[in-house]
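Observations on the three-dimensional arrangement
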Amino acid sequence: MKQDGISLKLLVIILIGGACFIASLLVLGITNERQGRFSLAKQEIAEKWSKRQVIVGPMIVRHDPIQNVPTYVLPETLRYETVIEPEVRSRGIFKSVVYSSRIKVSGEFLRDDLRSAAPQGSRTATFSIAITDTRGIEKQFDLLWNGNTYAFNPGSGVAFLDSSGLHALVPVDVSSSKIPFSFELQLKGSEGMSVAPLGKETVIAMSSVWPSPKFVGAFLPSEREVTPGGFESEWRISSFGRSYPQTWQSGAVILQQIVDSSAGVDLHERVDAYDMTLRSVKYAILFIIVTFAAFFLFDVLAKVRIHPIQYFLIGSALSLFYLLLLSLAEQIGFLPAYLVGTTMTAFLVTIYSAFILKNKRRAISIFILLCILYGYLYFVLRLEDYALLFGS
């Protein structure tokens, strides 16, 4: 092959490779569209089941008849013990993780704090707790306050907590210096759960069989243990880490300050098929260049004439891998989809190579090359912290 002919053919191959790479990038748009539909499906499931839960409370609200303003008092100690039981719900081909939880809440208020909040107030006050979506409460439960039982009523009962919740009227004129309280509830939700650390000393314990938690919020757990069989975590938070005091009057603190101080966990899905597909497409140019280079070497050195149309067909097969990967991953999961897509693409290109290279040994070398490339790509995709390093 003359030098001018080689240069011209190389230029044509580069143009074909660029066109195949652009075709691969079109999968990015399809992936984003499917990811958007998946998000809508998750949102629909959450609307029917229950949204992500953020619990703010409990707090005592007293009204001073002289100043005519409410005063908010937070507990001296607060403890949450939560067991999260995840399950998977489907909307068509899309699946989303939801959960049911068992929550035990206990703590103490100081009698002097309640009295000083409204010295001229009535002998009762509002025990309030805000919950993002009270549709997740399936069973009635009562409040145990200073050894007596009081019924909860719907609504937070406080204008400050401009959200859904529960409240109960409780006596504050008691003889003991510390007023213990406790209650248990079963709460459904989606994605995850967070709790605001309202106690002067707050302990939040969460556990679940979910193997891949994502700890979120203003505080990380003081202790945590994550295993393939689930996780256990515990937060120990003091009031020094918050931006609001133990007692304040109306207007001094906004609800968002309290919500921003919450801590909790999301039920994170370790393998996101859409993110993995998006990341894999970015390596399409590597596959096209290396594969085309191998065929070009056979073309030039082994004197095997390969027509540009044949390069185009090989590049098209490499580009279709990503569309095949996306469509299969939605049905059977990313790893099985990757194995099936790799096998189908590698065998397709190898069988075609046996015809155009006119030698089975050369075709086998193409098969080994593709297996190495796809194996390397999967290895890089599985890495999170070191993906850029090994990708480079």
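Below: a short report on this structure. The model shown is predicted, which means the values in this text are computed figures rather than measured ones. (Residues numbered from 1 in each chain as written. Predicted model: local features only at pLDDT ≥ 70, side-chain atom pairs only at ≥ 80, totals over all residues. Heavy atoms only, no water.)

Time to look at the overall build of the protein chain. Counting secondary structure elements, the protein chain contains nine helices and 17 strands. Over its C-alpha trace the protein chain gives a radius of gyration of 31 Å, far above what one expects of a compact globule, namely 21 Å for 392 residues. The principal-axis extent of the C-alpha atoms belonging to the protein chain is close to 105 × 35 × 35 Å. Burial analysis of the protein chain (392 residues in total) assigns 47% to the buried set. Each charge class in the protein chain was averaged separately, 37 positive and 33 negative side chains, and the resulting centres sit 11 Å apart. (Helix = DSSP H or I, 4+ residues; strand = E, 2+ residues; numbered from the N terminus. Rg over C-alpha atoms; globule rule 2.2 N^0.38 Å. Buried < 20%, exposed > 50% of the residue type's maximum accessible area, 1.4 Å probe, protein only. Lys, Arg positive; Asp, Glu negative; His and termini not counted. Charge placed at Lys NZ, Arg CZ, Asp CG, Glu CD.)

Let us look at the packing of aromatic side chains. Aromatic ring pairs: the centre-centre distance and the angle between the two ring planes describe each pair. Evaluated as defined, the whole model comprises 26 aromatic pairs. Where F127 meets F181, the ring centres are 5.5 Å apart and the plane angle is 65°; that geometry is what we call edge-to-face. Taken together, the residues F127 in strand β5 (residues 124-131) and F181 in strand β10 (residues 178-190) connect sequence positions 54 residues apart. Accessibility classification places F127 together with F181 in one group, the buried group. (Phe/Tyr/Trp six-rings, centres within 6.5 Å; stacked < 30°, edge-to-face > 60°.)

Ordered by their spatial adjacency, eight strands build an open sheet running β7-β6-β10-β4-β3-β12-β15-β14, and the pairing between neighbours is mixed. The strands lining the two open edges of the sheet, one partner per strand, are β7 (148-151) and β14 (223-227). Neighbour-to-neighbour, the strand axes of the sheet open up by a mean angle of 15°, direction not taken into account. (Pairing = 2+ DSSP bridges. Axes fitted to C-alpha atoms, helices over the stretch in contact; angles between N-to-C directions.)

A few words on the environment of F379. Turning to its location among the elements, F379 is positioned in helix α8 (residues 360-382). Sequence separation between F379 and V300 is 79 residues, and the spatial gap between their C-alpha atoms is 32 Å.

Counted by the stated rule, this structure contains 12 salt bridges. As a salt-bridge pair, E44 and R91 come within 3.5 Å of each other at their nearest N and O atoms. Of this pair, E44 sits in helix α1 (residues 3-49) while R91 sits in strand β3 (residues 77-91), and the two are 47 residues apart along the sequence. By relative accessible area, which is 40% here, E44 ends up partly exposed. Among the residues examined, R91 registers a relative accessible area of 35% and is labelled partly exposed. Between E223 and R236 there is a salt bridge, with its nearest N and O atoms 3.4 Å apart. Pair noted here: E223 is in strand β14 and R236 is in strand β15 (residues 230-238), with a separation of 13 residues, a long-range link. Among the residues examined, E223 registers a relative accessible area of 46% and is labelled partly exposed. (Salt bridge = Lys/Arg side-chain N within 4 Å of Asp/Glu carboxyl O.)

Don't take any of this as a statement about function, it's just geometry.
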